[in-house]
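Structural characterization, general
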Amino acid sequence: MTKAYDLAREAFAEWGVNTEAAMTALSKIAISVHCWQGDDVGGFERKSGSSGGGIQATGNHPGRARNPAELRADLDFAYGLIPGKHRLNLHAFYMDTEETPDRDQIELRHFTPWVDWAKDRGIGLDFNPTFFAHAKADDNLTLSHPDQGIRDFWIEHGARCREIAAGIGTAFGSQRVINHWVPDGSKDIPVDRMAARERLWASLDAMLAPGHDRKHMLDAVESKLFGIGVEAMTVGSHEFYLGYAIRKQIALCLDMGHFHPTESVADKLSAVALSVQDLLLHVSRPMRWDSDHVILLNDDILAMAQELVFAGLLPRTRIGLDYFDATISRTAAWVIGVRNMQKALLRALLLPQARLKATEGRLDYTARLALTEELKDLPFAAVWAEHCARADCPTGAALILGLERYQAKVATRG
Ligand code: RNT
Ligand code: ZN
């Protein structure tokens, strides 16, 4: 135990905050690390399609994982620098197989190396169907396509992904989240929004019809405001999926990049949580648009973490990350982003919650303001450093050196 931590523990204790309890609480929060930061959302399908869907990684930094083995090696490295046990969020087009199944033909066996790896490492897996980067998604229409044949293709893809996710859940004896996001929308102003939304609704109903044990799989649906190429309307808007999640009693995914830039996604948590039991977060950083920058320890993330802790939502919220930056080391992007999410959670866990809430309860806004501002001076960093040290994870210069060394190693990849 360092001197700095000892002093920090005392400083927090003066506010009635137990730093040991905060660290224990933090160590129980698993974050679902998104596989797609490692290769710029390219996927490993041998029979591959086109890009699109308003998802675009920009940059050409050396070191992109070119195959599943490289991606797993990069993930192993990244997890080693993140305190705690975490999850992996896998997309369907990251299949690891010599075969060339189309999206409507994939099966659990196409993911065997991922399952084996995750089991070996004790990493929980989450899953996502891939409704983009495919010739049948080139119009930015999948489950809401006017053509029944195309809709059926994507319904089959989604249904198979649910089977795969449930299969993985059974193999692990625990729950996976399967998140459904489709790019469907319209570049220019549509004249029949209702028909598109009715088709999406019906396709989702068909796709979600096969029953799977909730113990092994939890469906989530993810809305979006707009994307590149679908500026005028997104079929699966926030209102659409909020209603859908409530009706089907499934999880609602809130992606921090999928709202108007002035909207606070943290504010939405308590509002939707009153009607939706399970929440999934895609923690991200939009800049002017849904640009998916690496998350910083900024006000948005701090507010999000504080809401999760203060509203008691941690037990029913799955935290996943969703960003991709190809201009920097991809492993550094993972490590820095996940650690920032953890730092934000730790800060929230280190706040004198009852005392803060009491000021608001008696309408003493002066005391509330004085408190929130004074608390910012507490030695959070010393507690984080102690938390990392106990998990054998470096901080500061040692962390940076480790990240640089690994990047230098992978930079030689062609
Ligand atoms: C796209 C959504 C979606 C994807 C991933 C790859 O705007 O945010 O979650 O980023 O599924
Ligand atoms: Zn997302």
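Before going into details, it helps to say that this report is about the structure given with it. By convention here, each chain's residues receive numbers from 1 onward along its written sequence. The naming scheme follows written order: chains are lettered A onward, ligands numbered 1 onward. The predicted nature of this model means local features are confined to residues of pLDDT at least 70 and side-chain atom pairs, given and counted, to a pLDDT of 80 or more, with totals for whole chains, interfaces and linings taken over all residues. Computation of side-chain values: all heavy atoms of the structure, hydrogens and water removed.

**Brief notes about the overall build of the protein chain**
Which entries qualify depends on this criterion: A run of H or I in DSSP counts as a helix once it spans at least four residues, and a run of E counts as a strand once it spans at least two, with each numbered from the N terminus. Here the globule rule is a power law, 2.2 Å times the number of residues to the power 0.38, and the radius of gyration is based on C-alpha atoms. To sort residues, take the accessible area from a 1.4 Å probe on protein chains only and compare it with the maximum for the residue type: under 20% means buried, over 50% means exposed, and anything in between is partly exposed. Every residue pair with non-hydrogen atoms within 4.5 Å of one another is taken to be in contact. Method for areas: the Shrake-Rupley scheme with a 1.4 Å probe, in which residue coverage is limited to the protein chains shown. When charges are tallied, Lys and Arg are placed among the positive residues and Asp and Glu among the negative ones, while His and the ends of the chain are skipped. The atoms used to mark charge sites are NZ of Lys, CZ of Arg, CG of Asp and CD of Glu.
When you go through the protein chain residue by residue, the secondary structure sums to 14 helices and 12 strands. Its C-alpha radius of gyration of 22 Å places the protein chain within 12% of the 22 Å reference for a compact globule of 414 residues. Considering only C-alpha atoms, the protein chain reaches an extent of 65 × 55 × 40 Å along its principal axes. Buried positions account for 54% of the 414 residues belonging to the protein chain. Within the protein chain, contacts between residues separated by at least 24 positions form 80% of all contacts whose residues are at least 6 apart in sequence. Taken as a whole, the protein chain presents about 17700 Å² of accessible surface, with 53% of it coming from carbon and sulfur. Distance between charge centroids for the protein chain: 3 Å, based on 46 positive and 54 negative side chains.

**Section: the site of ligand 1**
How we decide: Any residue with a heavy atom lying within 4 Å of a molecule or strand is counted as near it. The definition of a polar contact used here is a pair of N or O atoms within 3.5 Å, where within protein one atom must be able to donate a hydrogen and the other to accept one, and adjacent residues in sequence count solely through side-chain atom pairs. All residues other than Ala, Val, Leu, Ile, Met, Phe, Trp, Tyr, Cys, Pro, Asp, Glu, Lys and Arg, Gly among them, are scored as polar; the first ten of these are nonpolar and the last four charged.
The local shell around ligand 1 consists of Trp36, Ile55, His91, Phe132, Trp181, Glu222, Lys224, Asp255, His258, His282, Asp290 and Asp322. The separation between an oxygen atom of ligand 1 and a polar side-chain atom of His91 is 2.7 Å. Within the side chain of Asp322, one N or O atom sits 2.8 Å away from an oxygen atom of ligand 1. Burial of ligand 1 by the surrounding chains reaches 99%, relative to a free accessible area of 310 Å². For the shell around ligand 1, the residue count by class is four nonpolar, three polar and five charged.

**Focus on helix H6 (residues 193-208)**
Put simply, the rule is: To estimate how far a helix should reach, multiply one less than its number of residues by 1.5 Å.
Taking 1.5 Å of rise per residue, the 16 residues of H6 would be expected to cover 22 Å, and the 22 Å separating its terminal C-alpha atoms lies within 8% of that figure. Within H6, the full set of buried residues consists of Ala195, Ala196, Leu200, Ser203, Leu204, Met207 and Leu208. Where H6 is buried, its residues touch helix H5 (148-172), strand E4 (176-180), strand E6 (217-222), strand E7 (233-234) and helix H7 (238-248).

**With respect to unusual backbone geometry**
Within the chain, Asp40 stands out as a residue other than glycine whose phi angle is a positive 65°. With respect to the helices and strands, Asp40 occurs in the loop between strand E1 (31-34) and helix H3 (68-80). By relative accessible area, Asp40 is classed as buried at 18%. Even without glycine at this site, Ala133 takes up a positive phi of about 55°.

Any link to function would need more than the numbers given here.
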